[in-house]
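Okay, here's what each chain looks like letter by letter:
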Amino acid sequence: MSFLSKLRLKKKDKDPASSQSEVVEPVQNADVSTKPGTKLSRENLGLFIFDNTRQESDYSIDIIAVHGLGGDWEKTWTDDNGALWIRDFLPLQLPPARIMSYGYNSKIAFSKAVTDINDEAAMLLDRLDGERQSKDQKARPIIFISHSLGGIVVKKALILAHERSRHYSDLLNSVRGLVFFGVPHRGSDIAYWGNFAANLLKVTQLGFGTNTSFVEALKRNSETFADISQQFIERGADLPIRTFYETEKLLNQLIVDKDSARLNLPNEIAVGVAGANHISICKFSRADSQKYKPVWRAIKNLADSTLVDSTALSANSPDRISTSPAACFTVPFGRDLKFIGRKDIIAEVGRHLKVQRRVALAGIGGVGKSQIAIEYCYRFRDQYPESHVFWIHASTVSRIDQGYKVIARKLGMPGWNDPKIDRFQLVSEYLSDGAHGRWLLVLDNADDSDNFFSAKPNPSLVGSEQSAPLVNYLPHSSNGSILITTRDKRVGERLANREKAIMVLPMTVPEAEDLLWSKMGQEVSSDKTKPSELLEALEYLPLAITQAAAFISENSITVEAYLKAFHAEDSEIQDLLSEDLPDLRRDFESQNSVLRTWKVSFDQIRKQKPRAAEILSLMAVLDRQGIPKMLLRGDDEQEIGFTTALGTLQAFSLVAVEKGGASFEIHRLVKISTQIWLELQGETAKWQEVALKVLTAAFPTVDYSAWVTCEALSPHVQIVSRYTFISDQSLLQRTKLLHNMSSYDRAQGRYNLAYEGGLDALSTRERVLGPEHPDTLTSMNNLAGVLGDQGKYEAAEDMHRRVLELSEKVLGPEHPDTLTSMNNLALVLDN
């Protein structure tokens, strides 16, 4: 009998529009203590099994559903017609599956402290572990299904299982797939979580009313949610994931939009659910509906692959190593069939690896290092099809550990999953053995030297106190090569046995043009000068070009329109640089916007070399070119400390030395991104004041011998003088700077600029010091002189008379400054 014939169907009487369609009449609820057909007692909390009447040997897989905020283990999954698909459809479609639903008090879990979420995740693990006691049960694969914030509980449970692998290793190793319905995945974007909580409570009518304290509690917990999402990245990198996102608004709002619902992992398949909002996304009225079919296919594919793997594992123990394992290829990205340029760099990598075992690619974030490494991996496989190619995300120790685990598992190494065996040692010794053939290992995003060179507890061993640096576990073999990508060339060169890194620079003009048109897919501008202007503005940086092309295409605008926004106020440029458009060819941990990509570098520099971060912060509030060393070095700063700090910025390719070595420049996009970073840190005003202080101290009193220094500093004065300062001390420093700059402009014959600066200085001193203060009189005298230089003799005469009058009153008729004022008046009268 077919599945549909097993369901009890009837005509729908109440809705004339659907009188010709058939709907499911759901079967009765069942729990662990009842037979099918018996109504469930209405408990809300716990782990509920929908059919517990079958023999344990009948089950080959466990599927666990977890509801979200304000949800219910039963109602969350139940359609308006009463159909509960995880009970009524799925068991008949997937007989080997034992299906459970977890109920918990989500309002409490998400509204208080982190321990509440931890407790719910821990209870889920404990109750699931309690249902899996026998050896066969412990080995049974698991698929989790979660809705909305239920995904937070599932992700936290997996994190805890990893942290407590001594107790939950069986559970952890049994998880073979995840299905997410409208689960928000926004990483470390803390601000997002507070807005998400408010929107969710506002539109879903979950019975919380207008409990603003509950909303605020969720907002306070936003950092917890962000941490869970960030930690999960390292735990979920090797799990098949099926993501479903809502396509309809709820009260004019998408609760979890497409970009928020997707993890953008290479192991994730994400699709929208037609006609579904945040509540209805996980409810299905019938098993043959178009809305349900993609969900069923996703679960079936996960189950099929899981059961096949389980059968293979039972027939072939994972602890038994193959004498000649097939060539492994673990690069998590597909090949870019439209890969642009970089031929010289790829050829250089090949030449270097012929004479040395390790090579580093270094360059600024977003310059295309990883893309070059991906393409090299595919070319290496084409040339040596029998060789292994391994890819390890090296941004954190946990991800390095995960990478070694994948290698050990793929090669079937004995004990690869035993928490008592050191996986680092296992993999290192295996690959260092020349008998195991040729291999290429990529360490991608190896930016943090602490990950490799600091002694830390070994993460691959539960409870280990071993503290050997991870660099000791990089394999050495005449048959093996290691390719490193890094933002910090010093780290790359240390990992590459002190061999000089290959610097990856921005693209050439022809490469950049090819990349732009390949990403846009069509010409959107007939004026070829506009794309050239755009590429120059983007400094030929691949990430910036890719994101600009995506923005232009997605918003159906012209290159001219994008350029107009780019050349507008800095705030608009900041918006463009912050635009995070998904790119499946970048690691899910890597940010897709230019700003967020460089924020990783900024944060790393602050952690690694705080003084370098200070210098970068100061440079970001000055003019971007011709920044003299004298402005950057502290008064009592040691030469070696200053030099190494600057070296850090140069190693990350964020600043460059100008010709002669006496001054520096910072790329325009880097400067704007650093400014946004300072805003996020709440430090913009602080560094503007630092810039004002160092400029005021450095700008000399004008005479002929100081003209070179004044000219070098004047572009920075023009930038800094436009900032807004509040304190009297800062205002007076700015006034002094403007006064000296006005004197220099006057000496250079730039009378209009001299007048503007002098008038600004005078206005501020009159307001802060009063009209009779000697400094105010000095500014007034200077401005009167500029008026005379401009030929405005009557105005100059009036001002000189005012200066003379006030000088006589304040200083006395015989004071030298009074006599100088009298002389200046006489000169104007003579003119």
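Fair warning: this is a prediction, and the values are worked out from it, not measured in the lab. (Residues numbered from 1 in each chain as written. Predicted model: local features only at pLDDT ≥ 70, side-chain atom pairs only at ≥ 80, totals over all residues. Heavy atoms only, no water.)

A. Spatial organisation of the pattern of salt bridges. A full pass over the atoms with the stated rule returns 24 salt bridges. In this structure, D88 and R87 form a salt bridge, with 2.6 Å as the shortest nitrogen-oxygen distance. Residue D88 shares its accessibility class with R87, and that shared class is buried. With a shortest N-O distance of 3.1 Å, D745 and R750 are connected by a salt bridge. Judged by relative accessible area, which is 5%, D745 ranks as buried. A single network of salt bridges, built from pairs that share partners, joins D62, R98, E131, R132 and R140. (Salt bridge = Lys/Arg side-chain N within 4 Å of Asp/Glu carboxyl O. Buried < 20%, exposed > 50% of the residue type's maximum accessible area, 1.4 Å probe, protein only.)

B. Fine view of the environment of T648. Among the secondary structure elements, T648 is positioned in helix α28 (residues 639-651). Once the C-alpha coordinates of T648 and K489 are considered, the two residues, 159 residues apart in sequence, prove to be 9.1 Å apart. Apart from the residues lying within four places of it in its own chain, the contact partners of T648 are R490, I605, Q608, K609 and A612. (Helix = DSSP H or I, 4+ residues; strand = E, 2+ residues; numbered from the N terminus. Contact = heavy atoms within 4.5 Å.)

C. Structural context of the packing of helix α33 (residues 751-768) against helix α34 (residues 774-789). Remark: α33 packs on α34, axes separated minimally by 9 Å, with the N-to-C direction vectors making an angle of 155°. On the basis of their axis angle, the class for α33 and α34 is roughly antiparallel. Where α33 crosses over α34, the two elements pack in a sense that is left-handed. Only D775, T776, S779, M780, L783, V786, L787 and D789 of α34 make contact with α33, whose side of the interface consists of Y751, A754, Y755, G758, L759, A761, L762, R765 and E766. For the contact of α33 with α34, the per-class residue count stands at ten nonpolar, three polar and four charged. (Axes fitted to C-alpha atoms, helices over the stretch in contact; angles between N-to-C directions. Parallel < 35°, antiparallel > 145°, perpendicular 65-115°, else oblique. Left-handed = near helix turned anticlockwise from the far one by under 90°. Nonpolar A, V, L, I, M, F, W, Y, C, P; charged D, E, K, R; others polar.)

D. Fine view of the nonpolar core. Counting 92 residues, the largest nonpolar core has L483, M619, L632 and L654 as the members making the most contacts within it. Other than its neighbours up to four places away in sequence, L483 contacts V349, V359, L361, A373, Y376, L440, L441, V442 and L443. If you look at the next biggest cluster of nonpolar residues, it comprises 39 residues, including L128, I142, A157 and L160. (Core = buried A, V, L, I, M, F, W, Y, C linked by side-chain atoms within 4.5 Å.)

E. Quick peek at the side chain of E268. Structurally, E268 is set in strand β9 (residues 268-273). In this structure E268 is buried but unpaired, with R262 as the nearest side chain of opposite charge at 6.3 Å. At 2.6 Å, the side chain of E268 forms a polar contact with the side chain of T243. There is a polar contact of 3.0 Å between the side chain of E268 and the backbone nitrogen of L263. When residues no more than four places from it in sequence are discounted, the contact partners of E268 are I241, T243, A261, R262 and L263. (Lys, Arg positive; Asp, Glu negative; His and termini not counted. Polar contact = N/O pair within 3.5 Å; in protein donor to acceptor, adjacent residues only side chain to side chain.)

F. Geometry of the sheet that holds strand β13 (residues 480-486). A sheet is described by the order of its strands in space; here five strands give the open sequence β11-β12-β13-β10-β14, paired in parallel fashion. Lying at the two open borders of the sheet, with one neighbouring strand each, are β11 (388-393) and β14 (502-503). (Pairing = 2+ DSSP bridges.)

G. Spatial organisation of the packing of aromatic side chains. Overall, the coordinates contain 19 aromatic pairs when judged by the stated rule. Ring centres 4.1 Å apart and planes at 15° place the aromatic pair F48 and W73 in the stacked group. Placement of the pair is F48 in strand β3 (residues 46-49) and W73 in the loop between β4 (61-66) and α2 (85-88), with a sequence separation of 25 residues. On the accessibility criterion, W73 (1% relative accessible area) is buried. (Phe/Tyr/Trp six-rings, centres within 6.5 Å; stacked < 30°, edge-to-face > 60°.)

H. Summary view of the environment of S398. Mapping S398 onto the fold places it in helix α16 (residues 397-410). C-alpha of S398 to C-alpha of R235: the two residues are 163 residues apart in sequence and 8.6 Å apart in space.

I. Spatial organisation of the confidence of the model for the chain. Considering every residue of the chain, the mean pLDDT works out to 78; 78% of them sit at 70 or more. Note that pLDDT drops below 50 for residues 1-40; the model gives that stretch 80 contacts with residues more than four away or on any other chain. With pLDDT under 50 throughout, residues 580-592 is counted as low confidence; its partners more than four residues away or in other chains account for 52 contacts. (pLDDT = per-residue confidence, 0-100.)

J. Examining α33 more closely. In a regular helix each residue adds 1.5 Å, so 18 residues correspond to 26 Å; α33 covers 25 Å between its end C-alpha atoms and thus fits that length. If you check which residues of α33 are buried, you get A754, G757, G758, A761, L762, T764 and R765. In an axial view of α33, the angular spread of the buried residues amounts to 165°, which keeps them on one side of the axis. With respect to the buried face of α33, the exposed residues turned more than 90 degrees away are N752, E756 and R767. The inward-facing, buried residues of α33 contact α32 (728-747) and α34. A positive backbone phi angle near 100° is found at G770, which sits one or two residues after α33. (Expected span 1.5 Å × (residues − 1). Arc of directions from axis to C-beta.)

K. Layout of helix α29 (residues 668-681). Its 14 residues place the ends of α29 20 Å apart at the C-alpha level, agreeing with the 20 Å of an ideal helix rising 1.5 Å per residue. The buried fraction of α29 amounts to ten of the 14 residues, a majority that puts the element mostly inside the structure. Residues of α29 that are buried: L669, V670, K671, I672, S673, T674, Q675, I676, W677 and L678. The first or second residue beyond α29 is G682, which carries a positive phi of 70°.

L. Expanded view of the sheet that holds β4. If you walk across this open sheet you meet the seven strands as β3-β5-β4-β6-β7-β8-β9, and the pairing is mixed. Of all the strands in the sheet, the pair left with one neighbour each is β3 and β9. Geometrically, the sheet is characterised by an average inter-axis angle of 20° between neighbouring strands, direction not taken into account. For β4 and strand β5 (residues 97-103), the ladder comprises six bridges, and the chain directions are parallel. Opposite D62, over in β5, you have R98 as the bridge partner. Against the sheet, helix α7 (residues 150-163) makes contact with β4, β6 (142-147) and β7 (175-181), and its axis sits at roughly 145° relative to β6, the strand it touches most. Docked against the sheet, helix α8 (residues 165-174) engages β6 and β7, running at close to 65° with respect to β7.

M. Molecular detail of unusual backbone geometry. Unlike most non-glycine residues, Y540 shows phi in positive territory, near 60°. Structurally, Y540 is set in the loop between α21 (529-537) and α22 (542-554). Accessibility expressed as a relative area gives 22% for Y540, which makes it partly exposed. The backbone of S653 shows a phi angle near 60°, a positive value even though the residue is not glycine.

N. Fine view of the pairing of β7. Taking burial as the measure, the seven residues of β7 include six buried ones, the bulk of the element. As defined by bridge partners, β6 adjoins β7 across six bridges and the pair is classed as parallel. Across the sheet, the residue bridging to F144 is L178, located in β7. Relative to strand β8 (residues 241-246), β7 runs parallel, the two sharing four bridges. By the bridge assignment for β8, F181 is matched with F244.

O. Inspection of the packing of helix α26 (residues 610-620) against α29 at higher detail. The interhelical angle for the contact between α26 and α29, taken along N-to-C directions, is 110°, at an axis separation of 9 Å. Regarding the angle of α26 to α29, the classification is roughly perpendicular. Along the contact surface, α26 presents A613, L616, S617 and A620, while α29 presents K671, T674, Q675, W677 and L678. Tallied by class, the residues present in the contact of α26 with α29 amount to five nonpolar, three polar and one charged.

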